[in-house]
Each structure stands twice: as structure tokens, then as C-alpha cells.
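Listed below, chain by chain, are the residues.
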Amino acid sequence: MGSLITTAVKYCTGSETIYTGDIVILMGIENQLNILTETSDDETTLSEEDILVINSKSKVSIKASRALYAEFTISLRKFKELFPNKKYRFLCDSTKVKNDNFAILRRYLTELLMLQYERTEYQRAEWNKVSCELLIFLVSNFATNIFMADSNNAIENVTDYIGEHFQEELSLKQISSQFHMTPTYFSRYFKKNFGVNYYQYLCKVRLEGAMEDLLYSDKNLLCVAMDNGFPNEDSFRKYFTENYKMSPYEYRTVQKEKEEIKKKEQIKNLQTAVKKMVGVKETEQIDDVLTIDTNNKQTYRPYWREIINLSDCKLLLNYEAREQFEELQKELNFQYVRIHLDWSKFSEEEIYNFYHEEQVFDFLLKNKLKLWFTISVRELQESELLFAYLKKMLSHFAPHYGSNEIRNWRFELEYNTLFNEEKVEVYWKIHDCIKEILEIYQIKELLGAGLELGDWEGIRRFEQFTKKNHRKLTALTMQVKPYTCMETADGMSVNRVTDSGYVKNQLQTFREYFPEFTSEIRDIYITDYYDSIQRMNILNDSCYRGASIIKNVIECFGNTSALPHSMPLDLSYINGIRDKVLFGGDGLITKQGIRKPSYYAYSFLQEAGPYYLGKKKNAIIFGNEFLEYQIICHNCKRLSYHYYLDEMEQHLEKIGQYFDDQDEKELEFRLENVKNGRYIVKKHSVNMQHGSVQDELRRIAPYETLLMPAFLHNDDVDYLKQILVPQQTLRTYEVDNGVLELQITLSANEIAYLNIQFAYY
């Protein structure tokens, strides 16, 4: 039998059609290749390094004047042997979607081509290793769950069963009983849906398997026949000759001659491709030093401090929560607190005194926070009750706080839906009524509409209605979810997001897809961001969460006006859950008041000076007017397929497997045009040895999977608060040529803040 994956490097100099029962990956190498699939009217242009996956049983037309591309064919039969329990469809087209996973997929494909070219001693073993790694990566990051109609699903079940069992004796009686039908009914059902009778189809599948054996193995004809479900060699010869007008022996001879000619052409094309790819690889390995000119200063907006999400403000009626929140705000200095407007207990017939609201609002304003209220269209059963509550609330608080304070409040109307035309119309109707009330108090900030990044069709409908009806939003709020939903030719597709740069890529795509819409918008706020399907996730307590916060802040810098954390305190969770010391809550602080690595991520960002100097993938540099510079950096690790397999039921003892690697990261910095003299560099870092409550508790109680508060007395909590702080190191550097060069090493998921000060003494 042939390989799991076969490769071919080809030139397209006209037009041709690809139709195969296998899965095919195309990768552009040189010039452009135009591709048209049978499921889409839009032509795809595959440029250099672009990747497209063609699902099995799909017909694709390609054309080009002269384009070099690589074709990777994955045997569907062998693929199903490796992944037997699910049906997979792939959504993988780098021309349509921005996704950091394409770079990793490209490396796997390039490695396969290099292996084919280099012919090393362990080539076969290495080839199988890379092939399996590629398939695991493809399934983990580009496979989609398709919800098909029952009829389509039943047909696919039949073809899958035949594909898996055609080598066995598979009579009509056997297969019909497998699908709980009588042989007569199954025979009619099969003919109706497949256009041929069952035995003709079975023979075709067996012949296809035999053709592969004839071409890629040295088996004699009897073995080929028996291995593919034929009762004997004579039967195999008969059916083969009837279908292909030549004997199996003649087919093998002719095809081997053709393969030899193809092989010579392949070697030539492969040499061209490898030269091209080696050039690309060399350009990728350029110096990774972050070089900045300290004279090139830019003011910026510290957008990570724009919003803190509180949602249910009743949490602040709890004394312990107020203490923790006050401590958090004092150090992290957020600008707006985003809370849900709750009118559920309001009635126009009864006196309503806003007692609880006053308590909470007074506390928040005392802590120098501005108020940001969210109103959900989905919760509106009686819009008139909302309008009455809003009028009464504003009339109550306007004299209490003064008109200047009220004018600083922001209101947000969100829908949290995949928009269609009807929903857009409902949204704007409610929006106009609320806006009319707010204008009485000169409140200009009515934001909306909680659009979902990635729902491009819904956003397009929203934009079209807005334009058609001459509506305008000066600021837009958007949500980021860990999955996407979309309609495909096969049915409704739900995909788990695995792109480590998803927020950055989706923001860039949004601006590219909707240039006119975004040009009219002053601010784009990400108001809700979740990268986990479950609200409770053991990674929330780990160093990874701190590293991912800094990673996202660096990647999205300059592209959004807000990227808030989902929840500030573990006390937000209900008592039954939060009784554990750590339970995967997304709070920055544990119930006992112990700071997590995620807290220190925001604490490090709080140290950023007023000027932005530059950034790269793992670091960002700021400065001030006093010859001080701040470097904030991370070594955030990419989540592995083990994590996504365990996501719904995680295991703390396996946390090391949830990352692609545990490698250290060396970062180099070159600050130019600095003043000559001595510099003091203080490094503050949080890693698995310092500042990580999860790792410290694992050291204290390695055999306790559920650490209960009863195990920790007040003295223990005080001890943990004292030791769970960032590690600090200090070094001095002498500069005599106007250039300060630094190098640091970060462990896996470590975060660090470097404070660089000129020593005047």
C-alpha cells in the first residue's frame, strides 16, 4: 500500500481538474495559482506560501500561466485508520483567513518536501513521524464539526462503512443488517442514492484499493486480490479487465513506466522548490534583536486599563469583595468599570429608592472609576420597563453626583447574537429610544452593538442596515469567543478556535473586510474576551494566563481601544465552587486574597511609561522623560492538542503536556541613542518558581488534587501572600557609545518587567 501522505511538486501551465477521494493540501511556491471549487463561485488565488486544503470527494479546477505548487495527498483510508471515531471536514484556506497556525502548518509541509529531497538514512522513520505530527496538527487546528442533515449523514455512514470493510467478505445481507434494513430495502435505498447497485459500488472501491497496491507495492496478483476483498485471482483479473480494458499486469507495467518519467520531472521540480524554500527559511532566520531608537517616542493609549469587567455589581455589597476590589484598583488603576444594568426588581407601581445602586456607585466613584453600563437586548422582555427605569435612575443620580459626572458615563447596548436583518432592525429601534433618554442628560456615549469578531456575515448585515438607514455608531463594541459558527455547503459548522494570535488576526481581518465601516468609527472596544470554552479552567490559575495577557496586549497594541480581563475576583463565583483555594476561576485574585500571575501581568503593564518606543513578538518597550525605560516581555507557550482533547475535563498533573514545548526563550534588546553612563536594570519576573500560587500549592501539597480552605489557616495565607511575589534581580551596565544592549532568558510562560534607570550618581 502507498504512504499515508504522498507529495508532488508540479507546474501548472494551463488548466486542469483535481478530483480525488483523498484529502489534498495545496501549497503555493512560485507565482499565482487560480483555484475554483465546486462549492463556491468565488475564485481563490493561491500565492507563494499560501495553503488550501481540499476535502475528500471535492472537485477543484486550477489554472495558471506558469505556477509552481506542491500537492500533498493524504490517503483517506489510512487517515480513517488513524482517526476512526469521527468524520472530519477541514476549513483551511490561508487566502481567506488570518491565522498564526498557517505558519506552523507550512513548516510541517516544508519539512516533508525537504525530507523527500535530502534522502537521509532514517528518511522513512522521519517521514512517518512528521506525517503523523502534521495530521494531528491539522485535525487539532483546522478540523470542523459539521452538523449535517440526517439523510446526508446516513449516506456518509454507508460509504464510510464500505471504505473500512471492503477488504472483508461484505455481502448485501451483512451490510443491510449493519444498518438495520432488509436486503431488498437496502438495495433500493443504495441504488436511489448512489446511482449504481451495491455490488457495482463495492467492486469499484475494491479495484481502487487494488490499483494502489499494484502501483506502490511488489505484491503478486493473488495477494493484491485477496488483500482487497476479491475471492481469488481470476475474479480480480476479470473485473479489472472489464473496467480498465487492460490486465492488472499490463496496468502495473504501464503505470511504472509513467511513474519513472514523473519521478525525473519531480526531482527537477523538487530542486526548484527546495531552492525557493531555503531562501525563505534564511530570511526567516534574521536577527531577532529588538532594536529601538530612544529618540523616537510616541504617545499612546494604555488600552489594557480602559475597562475592568465587573458584570454583576451586587458582588460589591460583600465586604470581602470590596476590600479586594479596592486593593486591585488602587494598584492597577482601571478607567471604567463595566457593569450590567439590572432593572429586574424595578416596578413603576411601587416606590424604588436605588439604595443598592447608590452603595455600589458611591464605592466605585470613590475608587476613581467611571461607570460603563451594559444593556442586553436578549434580556429585554418589556422594553418600556427598561426605559422607565433608565429615566428614573438618571433623574435620581443627576443631582446626587452632578451633571459633569453623569456626562462621563457610558452606556452600551449589546445583543450577543449572530445578526440577521430582523435582529438588526430590533436593535436600532431600542437604540434610538435609549439614545433619546440619554440626550436629556447630555450623555453622548451610547456604544454598541457587541458584534462578534469572526461573524463576518452578521457584521455585513449590520453595516448594510446602518448605511441604508443613515445610522452611525461613533464607537463599536465587539466580543471574542473561543469558537466560531458558520454555514457551509455541508451544514452548520462549529469550530473551536486554536489560533494563538486569534484576537490580533480577527481585528486585522475586520479592518480589511470593512474599511468604510471602520473608518467612520472612533474607537473599537473589545469588551468581552474568552479564550476558554469553560469559565473555570486550571490555566487561569497558572503562569500561562499571565503570559497570554501580556502576549495579547503586545499583539493588539494600536488596533483596539480596550481588551479587558473577563473577571477581576474569584469571589465572583458562587460559594459552592469558590470554596476551593484554586478552582480555575478567572479572577486576578483568589478568594483568600492571594495574587495570581494574571494579576502581576497587569501590575507589570501598569509600570509602562507615557511613551511607546517599539515592540516585537515577545516584548514591548516604553519610556519617560527621565532617562528611564520599561521593557515588558513574556514567553507564552502555544497550547498543544493535548489541551484541546482535555479541555472539558482537565487534569492538573498533566498541565505540562498542555503546551507545545517547555523551551526557554532568549530575548535581546538594543536601545540606541541613550545617554552614556551607568544604568541600573531591575528585573521583576513571575514564573513557576516565583509568584505562581498554583505551582507553590503543588509544592506544598503535591498529593492533594482538591486543596480546601480548611487546610490553610490565616498564618498560611499570610505566608503565601508574602512569598508569592515577583522575583527581583539587579544588574548595572556601562554605556560609552550611546547603545545599551541587554539579553535575558525567560522560562516557559514566564513574564518579566525590566526597569532601566540612568544612575545620576
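Position labels on residues start from 1 in each chain and follow its written sequence. Totals for whole chains, interfaces and linings use every residue, but because this is a predicted model, local features are given only for residues with pLDDT of at least 70 and side-chain atom pairs only at 80 or more, for both listing and counting. Side-chain metrics in this entry use all non-hydrogen atoms of the structure; hydrogen atoms and water are not considered.

Draft legend 1. Structural detail: the overall build of the protein. In this text, helices come from DSSP runs of H or I with a minimum length of four residues, and strands from runs of E with a minimum of two, each type numbered from the N-terminal end. A tally of regular secondary structure across the protein gives 24 helices and 29 strands. Across its three principal axes, the protein shows a C-alpha extent of roughly 95 × 75 × 60 Å. Partly exposed residues are those whose accessible area sits between 20% and 50% of the maximum for their type, while under 20% is buried and over 50% is exposed, using a 1.4 Å probe and protein chains only. Looking at the protein as a whole, 52% of its 761 residues qualify as buried. Contacts are assigned to residue pairs with any non-hydrogen atoms lying within 4.5 Å of each other. Here the analysis covers contacts within the protein between residues at least 6 apart in sequence; of these, 77% occur between residues at least 24 apart. Carbon and sulfur atoms make up 47% of the accessible area of the protein, which totals about 37400 Å². Averaging the coordinates of the 93 positive side-chain charges in the protein and doing the same for the 112 negative ones gives two points 3 Å apart. The Shrake-Rupley method, run with a 1.4 Å probe sphere, supplies the accessible areas, and residue values consider only the shown protein chains as cover. His is not counted, nor are the chain ends, whereas Lys and Arg count as positive and Asp and Glu as negative. Here the site of a charge means atom NZ of a Lys, CZ of an Arg, CG of an Asp or CD of a Glu.

Draft legend 2. Spatial organisation of the packing of aromatic side chains. Pairing of aromatic rings covers Phe, Tyr and Trp, the last through its six-membered ring, and needs centres within 6.5 Å; plane angles under 30 degrees mean stacked, over 60 mean edge-to-face, and all others mean tilted. Applying the stated criterion to the full structure yields 69 aromatic pairs. The interplanar angle of 45° and the centroid separation of 5.7 Å between the aromatic rings of Y300 and F557 together place this pair among those described as tilted. Linking Y300 in the loop between β12 (298-299) and β13 (307-311) with F557 in the loop between α19 (543-556) and α20 (575-578), this pair joins segments that are 257 residues apart in sequence. Per residue, the accessibility class of Y300 equals that of F557, and both read buried. Here the aromatic cluster, defined as three or more aromatic residues joined through ring pairs, consists of F346, Y352, F354, F361, F373, Y389, F397, Y401, W409 and F411. Criterion for a charge above a ring: Arg CZ or Lys NZ at most 6 Å from the ring centre, at most 35 degrees from the ring normal. Here K238 stacks its cationic end above the ring of Y239, 4.7 Å away from the centre of that ring.

Draft legend 3. Fine view of unusual backbone geometry. The omega torsion across G448 and A449 is 5°, close enough to zero to call that bond cis. Looking at the secondary structure, you find A449 in strand β17 (residues 446-452). A positive phi angle is found at H180, which is not glycine, with a value near 55°. When you line up the elements, H180 lands in the loop between α5 (172-178) and α6 (183-194). Owing to a relative accessible area of 75%, H180 belongs among the exposed residues under this scheme. With a phi angle near 60°, K368 is a residue other than glycine that sits in the positive phi range.

Draft legend 4. Region of the structure containing the sheet that holds strand β6 (residues 51-54). Paired strands, as defined in this entry, are two strands with at least two bridges between them according to DSSP. With respect to topology, four strands assemble into an open sheet ordered β1-β8-β3-β6, the strand pairing being antiparallel. Of all the strands in the sheet, just β1 (5-12) and β6 have a single pairing partner and so form its edges. Across the sheet, the axes of successive neighbouring strands diverge by a mean angle of 20°, strand direction being ignored. Where strand β3 (residues 23-30) lies against strand β8 (residues 67-74), seven bridges are found, and the strand directions are antiparallel. For I25, the partnering residue across the bridge sits in β8 and is F72. In the packing of helix α2 (residues 101-118) onto the sheet, the strands contacted are β1, β3, β6 and β8, and the crossing angle to β3 comes to about 85°. Orientation is described by axes fitted as lines to C-alpha atoms, over the contacting stretch for helices, and by angles from 0 to 180 degrees between their N-to-C directions. Each of β1, β3, β6 and β8 is contacted by helix α3 (residues 123-142), which is oriented at about 80° to β1, the strand it contacts most.

Draft legend 5. Broad picture of the pairing of strand β23 (residues 619-623). Within β23, five of the five residues are buried, which leaves the element mostly enclosed by the surrounding structure. The two faces of β23 match: A619, I621 and G623 on one face and I620 and F622 on the other face are all buried. Pairing of strand β22 (residues 611-616) with β23, which is carried by five bridges, proceeds in the antiparallel orientation. Paired with Y611 across the bridge in β23 is G623. With five bridges connecting them, β23 and strand β24 (residues 628-634) associate as antiparallel partners. Looking across to β24, one finds that I621 is bridged to I631. The turn linking β23 back onto β24 is made up of four residues, and L627 within it adopts a positive phi angle of 55°.

Draft legend 6. Expanded view of the sheet that holds β12. Judged by pairing direction, the sheet is antiparallel, and its seven strands sit side by side in the order β12-β22-β23-β24-β29-β26-β27 without closing on themselves. The sheet is open, and its two edges are formed by β12 and β27 (727-735), each paired on a single side. In this fold α19 packs onto β22, β23, β24 and β29 (751-758), with an angle of close to 115° to the strand it touches most, β24. Its contacts with the sheet place helix α21 (residues 597-606) against β24, β26 (677-686) and β29, and it is angled at close to 25° to β29.

Draft legend 7. Spotlight on a negative patch on the surface. Patch members must show over 30% relative accessible area and no salt bridge, and they are joined within 9 Å when carrying like charges or within 5 Å when they are nonpolar side chains of Val, Leu, Ile, Met, Phe, Trp or Tyr. A pairing counts as a salt bridge when a side-chain nitrogen of Lys or Arg comes within 4 Å of a carboxyl oxygen of Asp or Glu. A cluster of acidic side chains, namely E348, E349, E350 and E384, defines a negative patch on the protein surface. Of note, E349 is situated in the loop between β14 (336-340) and α12 (355-366).

Draft legend 8. Structural detail: the pattern of salt bridges. All told, the structure shown has 44 salt bridges when counted by the stated rule. Of the charged contacts, one joins R638 and D660 as a salt bridge, the two residues approaching to 3.2 Å between their closest N and O atoms. Placement of the pair is R638 in the loop between β24 and α22 (641-646) and D660 in the loop between α22 and β25 (665-672), with a sequence separation of 22 residues. Classification of R638 by relative accessible area gives buried; the value is 14%. Assessed through its relative accessible area of 43%, D660 is described here as partly exposed. In this structure, E734 and R678 form a salt bridge, with 2.9 Å as the shortest nitrogen-oxygen distance. Linking E734 in strand β27 with R678 in strand β26, this pair joins segments that are 56 residues apart in sequence. Judged by relative accessible area, which is 42%, R678 ranks as partly exposed. Each of R301, E306, R410, E445, R522 and D523 takes part in a single network of salt bridges with overlapping partners.

Purely geometric numbers; function is a separate question.
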